[in-house]
Amino acid sequence: MKSKLLTLFLISIFSMAHAQDEPEDFKVISQLLFELEQRSWFPRDIYPKMPPPPESRAYFIELRDDLTPEQADSLFTIIESKYEQHKMAISERQVDSTFIYMATGNYLSSEKCKWCGIKPDTLLKDPNYSRYKQLAKRLIKGKMNKLKIPFDGLSYKGKYRLKSADEFPSREEMYNGRLNFLSGGELDFSRFYQKEDLGLIYFSFSTCKMDCAAGYMVLYERKNGDWKIFDILMQWIT
């Protein structure tokens, strides 16, 4: 009995020590994923959605005054047929919808983020934002080492999960609607920079092969021992 209690005690001590050594990066990322899910930030599926044809054939023919009525009528029939084929392809797609996976690199980035900063500059006149200036400089200069992501050891609160980009097909194939699981696109994080009760992290995400990406800096403040989002600042968009 005593040996069992001793074993349990040692396991408890080891677990506590491990938790204390664990970087806060992944706790913050887990919380951020859930926060962004609540705000409907990411799509639930990157399967390409085709817009339906206009409800009225007559309206479409009238709208396309660059074509003859016969040409516009024929084009409407083609659009309608392609849309029906598209709906059929969607209905036949076998997808595991348990979770929504975001493709990400295997490490939290330590690279310089030259385009990052407190934006717009006018925010720096507000002490609530200017207090993050020094942390932002550290992010810009890439002052932390990259950190390997323990995909199997991350904890989550919602449906969104990080999955190594190595487990996805090429970007060309990733967005063609043939994944057998739901994906919200690509998502990458920097290291979590913190000083006392302030912190920040940068992330970028993309939902198509080109020209649909954006980068954000998330500002945190620690309240009652927990990191809370103060604001999310857009850094760039394409």
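Okay, so let's go over this structure. The structure presented is a predicted model; accordingly, all values stated were derived computationally and were not measured. Once a new chain begins, its residue numbering starts again from 1 and follows that chain's sequence as written. Reporting of local features is limited, given that this is a predicted model, to residues whose pLDDT is at least 70; pairs of side-chain atoms are given and counted only at 80 or more, and all residues count toward the totals for whole chains, interfaces and linings. Computation of side-chain values: all heavy atoms of the structure, hydrogens and water removed.

Let's shift gears to the overall build of the protein. Scanning the protein from N- to C-terminus turns up seven helices and nine strands. A simple rule labels every residue: compare its accessible area, found with a 1.4 Å probe on the protein chains alone, to the largest value its type can have, and call it buried under 20%, exposed over 50%, or partly exposed in between. When burial is assessed residue by residue, the protein has 37% of its 238 residues classed as buried. Here the analysis covers contacts within the protein between residues at least 6 apart in sequence; of these, 67% occur between residues at least 24 apart. Each accessible area is a Shrake-Rupley result for a 1.4 Å probe, and residues are judged covered by the shown protein chains and nothing else. By element, 54% of the accessible surface of the protein is carried by carbon and sulfur atoms, the whole surface being about 14,800 Å². Residues scored as charged are limited to Lys and Arg (positive) and Asp and Glu (negative), so that His and the chain ends carry no count. Throughout, a charge is located at the NZ atom of Lys, the CZ atom of Arg, the CG atom of Asp or the CD atom of Glu. Averaging the locations of the 35 positively and 33 negatively charged side chains of the protein gives two centres separated by 10 Å. In DSSP terms, a helix is any run of H or I states spanning at least four residues, a strand is any run of E spanning at least two, and both are numbered starting from the N terminus. Any two residues whose heavy atoms approach within 4.5 Å are treated as being in contact.

What follows covers the packing of aromatic side chains. Each Phe, Tyr or Trp ring (for Trp, its six-membered ring) is paired with any other whose centre lies within 6.5 Å, and the angle between the two planes then decides the class: stacked below 30 degrees, edge-to-face above 60, tilted in between. As enumerated under the stated definition, the model contains 16 aromatic pairs in all. Judged by centre distance (6.5 Å) and plane angle (70°), the ring pair of W41 and F203 falls under edge-to-face. Pair noted here: W41 is in the loop between helix 2 (25-38) and helix 3 (57-63) and F203 is in strand 7 (residues 198-206), with a separation of 162 residues, a long-range link. Here W41 falls in the partly exposed class, since its relative accessible area comes to 24%.

Side-chain atoms within 4.5 Å are what join buried Ala, Val, Leu, Ile, Met, Phe, Trp, Tyr and Cys residues into a set we call a nonpolar core. Core analysis: the biggest nonpolar cluster contains 29 residues, and L32, F42, L187, F189, F203 and Y220 have the highest contact counts within it. Looking at this core, the elements with two or more residues in it are helix 2, strand 1 (96-104), strand 4 (160-164), strand 5 (181-189), strand 7, strand 8 (213-223) and strand 9 (226-237). Sort the elements by how many residues they give to this core and helix 2 lands first, with six residues. Leave out the neighbours within four places in its chain, and F203 touches L32, L36, W41, F42, L187, D188, F189, A214, G215, Y216 and V218. In this structure, L123, L198, M217 and L219 belong to the second largest nonpolar core, which totals 17 residues.

A word on the state of the cysteines. Any two cysteine sulfur atoms lying within 2.5 Å of each other are counted as a disulfide. Summed over the entire model, instances satisfying the criterion amount to two disulfides. There is a disulfide in this structure between C208 and C212, and the S-S distance comes to 1.6 Å. Across the S-S bond of C208 and C212 the torsion is about -130°, and the bridge reads as left-handed. For C208, a relative accessible area of 22% puts it in the partly exposed group. Take the cysteines of the protein that form disulfides and number them in order along the sequence; they join up as 1-2, 3-4.

So, about helix 2. A helix's residues, less one, multiplied by 1.5 Å, set its expected span. Taking 1.5 Å per residue as the helical rise, helix 2 with its 14 residues ought to reach 20 Å, and the 20 Å between its terminal C-alpha atoms agrees with that figure. When you tally the buried positions in helix 2, you get 10 out of 14 residues, the bulk of the element. At the exit of helix 2 stands S40, carrying a positive phi of roughly 55°.

This part covers a positive patch on the surface. Each patch groups residues whose relative accessible area exceeds 30% and which form no salt bridge, using 9 Å between like charges and 5 Å between nonpolar side chains of Val, Leu, Ile, Met, Phe, Trp and Tyr. Throughout this description, the term salt bridge denotes a Lys or Arg side-chain nitrogen within 4 Å of a carboxyl oxygen of Asp or Glu. Taken together, the side chains of K112, K114, K133, K137, K141 and K143 make up a positively charged region of the molecular surface. One can find K114 in the loop between strand 2 (107-108) and helix 5 (127-130). Judged by its relative accessible area of 66%, K114 is exposed.

Within the element layout of this structure, S30 appears in helix 2. The residues contacting S30, other than those within four sequence positions of it, are S155 and Y156.

Glancing now at the environment of S170. Among the structural elements, S170 can be located in the loop between strand 4 and helix 7 (171-174). Take S170: its relative accessible area is 40%, and that puts it in the partly exposed class. Through-space distance from the C-alpha of S170 to that of R44 is 20 Å; in sequence the pair is 126 residues apart.

With that settled, the discussion passes to the pattern of salt bridges. Under the criterion given, the structure shown has 14 salt bridges. As a salt-bridge pair, R57 and E80 come within 3.3 Å of each other at their nearest N and O atoms. Here R57, found in helix 3, pairs with E80, found in helix 4 (residues 69-92); they are 23 residues apart in sequence, far enough to count as distant. The closest approach of N and O atoms between D66 and R64, which form a salt bridge, is 2.9 Å. The class of R64 is partly exposed, set by a relative accessible area of 25%.

This part covers the pairing of strand 5. It is a general feature of regular strands that their side chains alternate between the two faces of the sheet. The element strand 5 is largely enclosed, with a buried count of eight among its nine residues. One requirement defines pairing of two strands: DSSP has to find at least two bridges between them. Relative to strand 5, strand 1 runs parallel, the two being bridged by five bridges. The residue bridging A103 from the neighbouring strand is E186, located in strand 5. Relative to strand 7, strand 5 runs antiparallel, the two being bridged by four bridges. Of the residues in strand 7, the one forming a bridge with L187 is F205.

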